[in-house]
Amino acid sequence: MAKVQIMDHPLIQHKINFIRREDVGSKDFRTAVSEIASLMCYEATRDLELQDVQIKTPICEMTGKELAGKKLAVIPILRAGLGMVDGMLSMIPAAKVGHIGLYRDPETLEPVEYYCKLPVDCEEREVFVVDPMLATGGSLVAAVTLLKQKGVKRMRAMCILAAPEGVKAFEKAHPDVDLYIGALDDHLNDHGYIVPGLGDAGDRIFGTK
Ligand SMILES: O=c1ccn([C@@H]2O[C@H](COP(=O)(O)O)[C@@H](O)[C@H]2O)c(=O)[nH]1
Ligand SMILES: O=P(O)(O)OP(=O)(O)O
Ligand SMILES: [Mg+2]
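Rules used throughout
Residues numbered from 1 in each chain as written. Chains lettered and ligands numbered in written order. Predicted model: local features only at pLDDT ≥ 70, side-chain atom pairs only at ≥ 80, totals over all residues. Heavy atoms only, no water. UniProt positions renumbered as here; feature names shortened; annotations may be inferred. Helix = DSSP H or I, 4+ residues; strand = E, 2+ residues; numbered from the N terminus. Buried < 20%, exposed > 50% of the residue type's maximum accessible area, 1.4 Å probe, protein only. Pairing = 2+ DSSP bridges. Phe/Tyr/Trp six-rings, centres within 6.5 Å; stacked < 30°, edge-to-face > 60°. Lys NZ or Arg CZ within 6 Å of the ring centre and 35° of its normal. Axes fitted to C-alpha atoms, helices over the stretch in contact; angles between N-to-C directions. Parallel < 35°, antiparallel > 145°, perpendicular 65-115°, else oblique. Left-handed = near helix turned anticlockwise from the far one by under 90°. Contact = heavy atoms within 4.5 Å. Nonpolar A, V, L, I, M, F, W, Y, C, P; charged D, E, K, R; others polar. Near = heavy atom within 4 Å. Polar contact = N/O pair within 3.5 Å; in protein donor to acceptor, adjacent residues only side chain to side chain. Areas by Shrake-Rupley, 256 points an atom, 1.4 Å probe, with all protein chains shown as cover.

Per an unreviewed UniProt entry, the chain goes by Uracil phosphoribosyltransferase and derives from Hespellia stercorisuis DSM 15480. Recorded under Sequence similarities (unreviewed entry), the UniProt text for the chain is reproduced unchanged: "Belongs to the UPRTase family."

A. Focus on unusual backbone geometry. Cis peptide bonds are those with omega within 30 degrees of zero, and the linkage from Leu-78 to Arg-79 qualifies with -10 degrees. Its location among the elements puts Arg-79 in the loop between strand 4 (72-78) and helix 3 (82-91). Residue Pro-196 follows Val-195 across a cis peptide bond; omega there is 5 degrees. If you trace the backbone, Pro-196 turns up in the loop between strand 13 (194-195) and helix 6 (201-206). With phi around 65 degrees, Leu-109 is a residue other than glycine that occupies positive phi space. Checked against the element boundaries, Leu-109 lands in the loop between strand 6 (99-104) and strand 7 (111-117).

B. Just the pairing of strand 4, in detail. Taken across its seven residues, strand 4 has seven buried, putting it largely inside the fold. Of the two faces of strand 4, the one carrying Leu-72, Val-74, Pro-76 and Leu-78 and the one carrying Ala-73, Ile-75 and Ile-77 are both buried. As defined by bridge partners, strand 4 adjoins strand 8 (residues 126-130) across five bridges and the pair is classed as parallel. Note that in strand 8 the partner of Pro-76 across the bridge is Val-130. Sheet analysis places strand 4 next to strand 5 (residues 96-97), joined by two bridges and oriented parallel.

C. A look at the packing of aromatic side chains. The tally for this structure, following the rule as stated, stands at one aromatic pair. Geometry around Tyr-193 places Arg-104 over its ring, the cationic atom sitting 5.4 Å from the centre.

D. Focus on the packing of helix 1 (residues 10-20) against helix 2 (residues 26-44). Between helix 1 and helix 2, the least distance of the axes is 10 Å, while the angle of their chain directions is 155 degrees. By the angle between their directions, the pair helix 1 and helix 2 is classed as roughly antiparallel. For the pair helix 1 and helix 2, the crossing hand works out as left-handed. Here helix 1 contributes Leu-11, Ile-12, Lys-15, Ile-16, Phe-18 and Ile-19 to the contact with helix 2, which in turn contributes Asp-28, Phe-29, Ala-32, Val-33, Glu-35, Ile-36, Leu-39, Met-40 and Glu-43. Counted by class, the contact of helix 1 with helix 2 contains eleven nonpolar, no polar and four charged residues.

E. Quick look at the site of ligand 2. Taken together, the residues surrounding ligand 2 are Leu-78, Arg-79, Ala-80, Leu-102, Tyr-103, Arg-104, Asp-200 and Gly-202. Take Arg-104: an N or O atom from its main chain is 2.9 Å from an oxygen atom of ligand 2. The contact in question runs from an oxygen atom of ligand 2 to an N or O atom on the side chain of Asp-200, over 3.2 Å. At three residues, strand 6 tops the list of elements feeding residues into the shell around ligand 2.

F. Looking closely at the site of ligand 1. Lining the immediate surroundings of ligand 1 are 16 residues, of which Arg-104, Asp-131, Thr-136, Ser-139 and Ala-201 lie closest. For ligand 1, an oxygen atom lies 2.5 Å from a polar atom in the side chain of Thr-136. Within the side chain of Ser-139, an N or O atom sits 2.6 Å from an oxygen atom of ligand 1. Contact with the protein chains covers 94% of the free accessible surface of ligand 1, which is 460 Å². For the shell around ligand 1, the elements supplying multiple residues, two or more each, are strand 9 (133-134) and helix 4 (138-149).

Structure representation (structure tokens):
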């Protein structure tokens, strides 16, 4: 069974509390989402492999450590996942970026795919799928299913807020994929929004409502 990890670092919790507030405007919301993504990326990459490398400091030679050259990719679920990309890249700048476009049908809440563009060698990469919100789980489950169909073997998912319903659905569909979340909220409302949540993340990032 994959692990579900709540990233309860105080800085992450503080910033999540900030973006929940309804009076936070798009600019500040975007900045904070990006900062949260950086912090979550920092925590989620603790287990990346290192290799020894010989270097020379101004004082002497030494055996240092560097990332073992594993290829990484960040794949946001459009639109809301775009808000996490810059923050992720601030930690792992060499990562390639793919995009999966999904929107939720407002009646059925089922994800509808409208775009997919991935790095050509995505099947060789360690992929981070990012979406700030895990509600019913439909979008993340569909995105990970699509990536598996495209040949991706190593994947982790990162969401800032999650509902218990979404975590359960994701664990059931993809028990082999680790899930990192910033906070586990209480439940979903009748419209599939996370409660207490923060509203529609895409609209808040792009100022569309
Ligand atoms: O409170 C919410 C709930 C959902 N979203 C958006 O929907 C998808 C995730 O919904 P699923 O039901 O898990 O498919 C996510 O991409 C968000 O864009 C939201 O913004 N706020
Ligand atoms: O999941 P949705 O429908 O909220 O999509 P978007 O991220 O474009 O707001
Ligand atoms: Mg939306």
